[in-house]
Each structure stands twice: as C-alpha cells, then as structure tokens.
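What follows is each chain in one-letter form.
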Amino acid sequence: MLQLPDSPPRMKTLVSVDESYNLCRHLIAKYSTTFYLSTLLLSKEKRPAIWAIYAWCRRTDELVDGPASAMTTPETLDLWEQQLEAIFAGQPKDNFDVALADTVQRFPMDIQPFRDMIAGQRMDLYRSRYETFEELYLYCYRVAGTVGLMSTAVMGLDTTRNTAPWNREQQPYVPIEEEIALGIAKQLTNILRDVGEDARRGRIYIPLEDLARFNYTEQDLFKGVIDERWRSLMRFQIERARQFYTKAERGISYLSADARWPVWAALTHYSGILSIIERNDYNAFTQRAYVPQWQKLRSLPLAWMRSQVF
Ligand SMILES: CC(C)=CCC/C(C)=C/CC/C(C)=C/CC/C(C)=C/[C@@H]1[C@@H](COP(=O)(O)OP(=O)(O)O)[C@]1(C)CC/C=C(\C)CC/C=C(\C)CCC=C(C)C
Ligand SMILES: Nc1ncnc2c1ncn2[C@@H]1O[C@H](COP(=O)(O)OP(=O)(O)OP(=O)(O)O)[C@@H](O)[C@H]1O
Ligand SMILES: [Mn+2]
C-alpha cells in the first residue's frame, strides 16, 4: 500500500534524493505501464522529475480512491495541502516528497496546479454526479488538466519554434490550452473506460444532461444496459474526447524537441483506448478496454515519426 501522510507529523530521517527518485520510479512502474513507458523516452535529466510528479499525483488520488480512502476527510486533504506547501518550501516531510522538493527546485514551477488537483480530489469526497459537461470539465481540469501544466514545466518549450526569427521581441507561444487538453482527453477516456467500475461504486461521471439527451437513465447505467441509446451516448462521448486529443496534438510541436516523442507516445496509447471501446461494441461494463503491451510498443515508431513531422 502507498505511504500516505503521517499524523501527527514527527521528526524523522528521510531517504536521500536518489533513493527518493527510485521510490517514485517503482511507484510509476507499478501503477502505470503507459506512463512509465513514455517516460523512458525522455532525457535522463527530465525523466526522474516526471516520476516525482507522477508519485505525488498518484498518492493524492489514492487518498480519495485507494484502500484507505474511507478514512479520508476534508481535514486529511488540508494536511496534504500543508505537506505540499512544505515541499515547495524545500522542507519535504516524507520519503516520496524528497524527490519532488528536488524537482521543483530544478524545474521552477507554479504550486497552483498542485493545489487545484487537491481541490479536484476534494470533489470526489462529496460528489458522485455531474449535471452538465461544464461541471465535469472543471473536475477534469483539476484532476488531470493540471498534470499537463506540471509536466510541461519539466519538459520545457522549444524557444526556436516559438518565436519567429524576424521578431525575437515577440513573446513565445505557450501552449497552455493544449497542455490542459491532453489531461482532459485522458480523463474523459478514463471515465468511459471505467464506467462500469464507477457505477458499482455508485458514481456517474458522464454528465446527466447527456444521459437525458439520449434518453438513457441512471437505472439503465446501473444495470449495464447496452442498446442503441447507450451506443449513441458513447459515440457522442468518444467524439468529445477525440476533439480534446486533436487540440492537444496541435500543441506538441511547441514542446522542446526531446519531449515530443514521449508525449506523442502517451497520446497514441490513451486515444487507442477509445478505439478498443468501439471494438468492444461499447461494452464498458463487463469488459475493460486496454491497449495490449505489444500494440503500445508497435505504435512507438509512428509516435516518433509524428514527433518529427508535426
Ligand atoms: C502541449 C502538450 C500537449 C503538452 C503535454 C502535456 C502533458 C504531458 C499532459 C499530460 C496529461 C495527462 C496524461 C494527465 C493524466 C491524467 C490522469 C491519469 C488523471 C488521473 C486522475 C484521477 O482519475 P481516476 O481516479 O478516474 O483514475 P484511476 O482509475 O484512479 O487511475 C488521476 C489518477 C490523477 C493523478 C494523475 C496521475 C497519477 C498521472 C500523472 C502523470 C504524469 C505526471 C505523467 C505525464 C507525463 C507524460 C510523459 C505523458
Ligand atoms: N494483458 C492484460 N490482460 C488483462 N488485463 C490487462 C492486461 N494489460 C492490462 N490489463 C488491465 O488494464 C489495466 C490498464 O493497464 P494499461 O497497462 O493499459 O494501462 P496503465 O497505463 O497501467 O493504466 P492507466 O491507463 O490507468 O494509467 C491494468 O491495470 C490491468 O488491470
Ligand atoms: Mn483514481
């Protein structure tokens, strides 16, 4: 089980920075083959920093989703936020935080996306329905769009691509919307993939306005009814997720050259999940859509080509 915050905080000896990065590496390798594979394509300097960010995000999510989540209260998240402030102040409180404290020194970044992610996890404590896409979008921004902002601080931008040679005074284009779009796309994909699992926990992330639009009820969803109403609803959701992937694609060429391949690889893997859902005839209730490892590996050269061309 993941190491979560101690209470009350006490003085203790922490592991070295290298050991801490190693803990983060093991965590990402265990929890997400997709992300881990993508990070292996990054340069040696940037890779461990992404592991540190991943570890913090995963542990934040685990507070509300993990095995000990029944014990999580709003106060737990308040403490977690204080622990976050300490990381940014260079005073990590636990063995995983040591790496992130080092990362935020090496790659200066804004604390706000981290705070926003905690706010997103707070929503999971008290909400299990979203009326409109606008409401869902806010949740997706907080738990996933923020990851784009955090990661780009590490991956860096291509300043030569960003400014015209005849106008060096011009501010470089920062693809903030595209960074966020990739997180949104990935989160919308997660929601569609996990629809059955979430329903079993009494949760519905698909906006209720969309259910109504296709005449599909909450009861249908809890029963796992697959019919033309459900298929149309899913086609609509998949199309929306794809629009966010398309938006994200347009931003990748603004990233520093060595970060484009990993991001293309990650994007290709996640968007592949949508095609698997289609291939499963939209049965997201009893079949888990996943991209097999061989298919992920096979798509790497294509991702590389895209990173050179676009
Ligand atoms: C210009 C441009 C396109 C730049 C690229 C920006 C970029 C790298 C964006 C990455 C966006 C991204 C992949 C976001 C991840 C979103 C995610 C997985 C959110 C999950 C939330 C909760 O969902 P849920 O509870 O439904 O999920 P589980 O069933 O529990 O899995 C999260 C779990 C929140 C925590 C997020 C993470 C653990 C992922 C963190 C990932 C990284 C730091 C790696 C990003 C790096 C690369 C190389 C893609
Ligand atoms: N070969 C397989 N056979 C059965 N189930 C699998 C297989 N590969 C993956 N899975 C299931 O699909 C889930 C997602 O695995 P996958 O490697 O596609 O994505 P991930 O990157 O680990 O997860 P995420 O997309 O949530 O970050 C795994 O947790 C596992 O339960
Ligand atoms: Mn989760």
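The model shown is predicted, which means the values in this text are computed figures rather than measured ones.

## Considerations on empty space enclosed by the protein
Any empty space left between the atoms is revealed when a probe the size of a water molecule rolls over them.
1) Next: A full pass over the atoms with the stated rule returns two cavities of 30 Å³ or more.
2) Next: The wall of the largest cavity is formed by Leu136, Leu188, Ile191, Leu192, Ile206, Gln237 and Arg240.
3) Next: Going through the elements one at a time, helix 9 (176-193) and helix 13 (228-252) are the ones with two or more residues in the lining of the largest cavity.
4) Next: Among the elements that take part in the lining of the largest cavity, helix 9 stands out by supplying three residues, more than any other.
5) Next: When the residues that make up the lining of the largest cavity are grouped by side-chain class, the tally is five nonpolar, one polar and one charged.

## Thoughts on the site of ligand 1
1) Next: Around ligand 1 there are 30 residues in total, and Arg58, Asp61, Asp65, Gln187 and Tyr270 lie nearest to it.
2) Next: A distance of 2.8 Å separates an oxygen atom of ligand 1 from a polar side-chain atom of Asp65.
3) Next: Taken by itself ligand 1 offers 1,000 Å² of open surface, and the protein chains cover 94% of this.
4) Next: Those elements that provide at least two residues to the shell around ligand 1 are helix 3 (47-65), helix 7 (133-155), helix 9, helix 13 and helix 14 (257-279).
5) Next: For the shell around ligand 1, the residue count by class is 16 nonpolar, seven polar and seven charged.
6) Next: Lining the shell around ligand 1 are residues from two domains, each supplying at least three of them: domain 1 (12-109) and domain 2 (127-310).

## Topic: the site of ligand 2
1) Next: The environment of ligand 2 is made up of Tyr31, Ser32, Thr33, Thr34, Lys186, Arg193, Arg288, Tyr290 and Lys296.
2) Next: In the model, an oxygen atom of ligand 2 is placed 2.5 Å from a nitrogen or oxygen of the Thr34 side chain.
3) Next: Within the side chain of Arg288, one N or O atom sits 3.1 Å away from an oxygen atom of ligand 2.
4) Next: Protein contact buries 59% of the 620 Å² of open area that ligand 2 shows by itself.
5) Next: For the shell around ligand 2, the secondary-structure elements that each account for two or more residues are helix 2 (33-39) and helix 9.

## Structural notes on the nonpolar core
1) Next: Ranked by size, the top nonpolar core spans 91 residues in total, and within it Trp56, Leu136 and Trp230 carry the most contacts.
2) Next: When residues are assigned to domains, this core turns out to be shared by domain 1 (12-109) and domain 2 (127-310), each giving three or more.

## Overview of the pattern of salt bridges
1) Next: Overall, the coordinates contain 26 salt bridges when judged by the stated rule.
2) Next: Two residues, Asp97 and Arg59, come together in a salt bridge whose shortest N-O distance is 3.3 Å. Here Asp97, found in helix 5 (residues 97-106), pairs with Arg59, found in helix 3; they are 38 residues apart in sequence, far enough to count as distant. Each member of the pair, Asp97 as well as Arg59, is classed as buried.
3) Next: Two residues, Arg122 and Glu81, come together in a salt bridge whose shortest N-O distance is 3.6 Å. With Arg122 in helix 6 (residues 112-126) and Glu81 in helix 4 (residues 74-88), the pair connects residues that are 41 residues apart, well separated along the chain.
4) Next: Several salt bridges converge on common partners, so that one network encompasses Arg193, Asp194, Glu197 and Arg288.

The rules we used
Residues numbered from 1 in each chain as written. Chains lettered and ligands numbered in written order. Predicted model: local features only at pLDDT ≥ 70, side-chain atom pairs only at ≥ 80, totals over all residues. Heavy atoms only, no water. 1 Å grid on protein atoms, 1.4 Å probe; cavity = no way out; pocket = protein on both sides within 12 Å on 5 of 7 lines; lining within 4 Å. Points joined across faces, edges and corners; volume = space filled by probe spheres on them. Helix = DSSP H or I, 4+ residues; strand = E, 2+ residues; numbered from the N terminus. Nonpolar A, V, L, I, M, F, W, Y, C, P; charged D, E, K, R; others polar. Near = heavy atom within 4 Å. Polar contact = N/O pair within 3.5 Å; in protein donor to acceptor, adjacent residues only side chain to side chain. Areas by Shrake-Rupley, 256 points an atom, 1.4 Å probe, with all protein chains shown as cover. Domains from an automatic or database assignment. Core = buried A, V, L, I, M, F, W, Y, C linked by side-chain atoms within 4.5 Å. Buried < 20%, exposed > 50% of the residue type's maximum accessible area, 1.4 Å probe, protein only. Salt bridge = Lys/Arg side-chain N within 4 Å of Asp/Glu carboxyl O.

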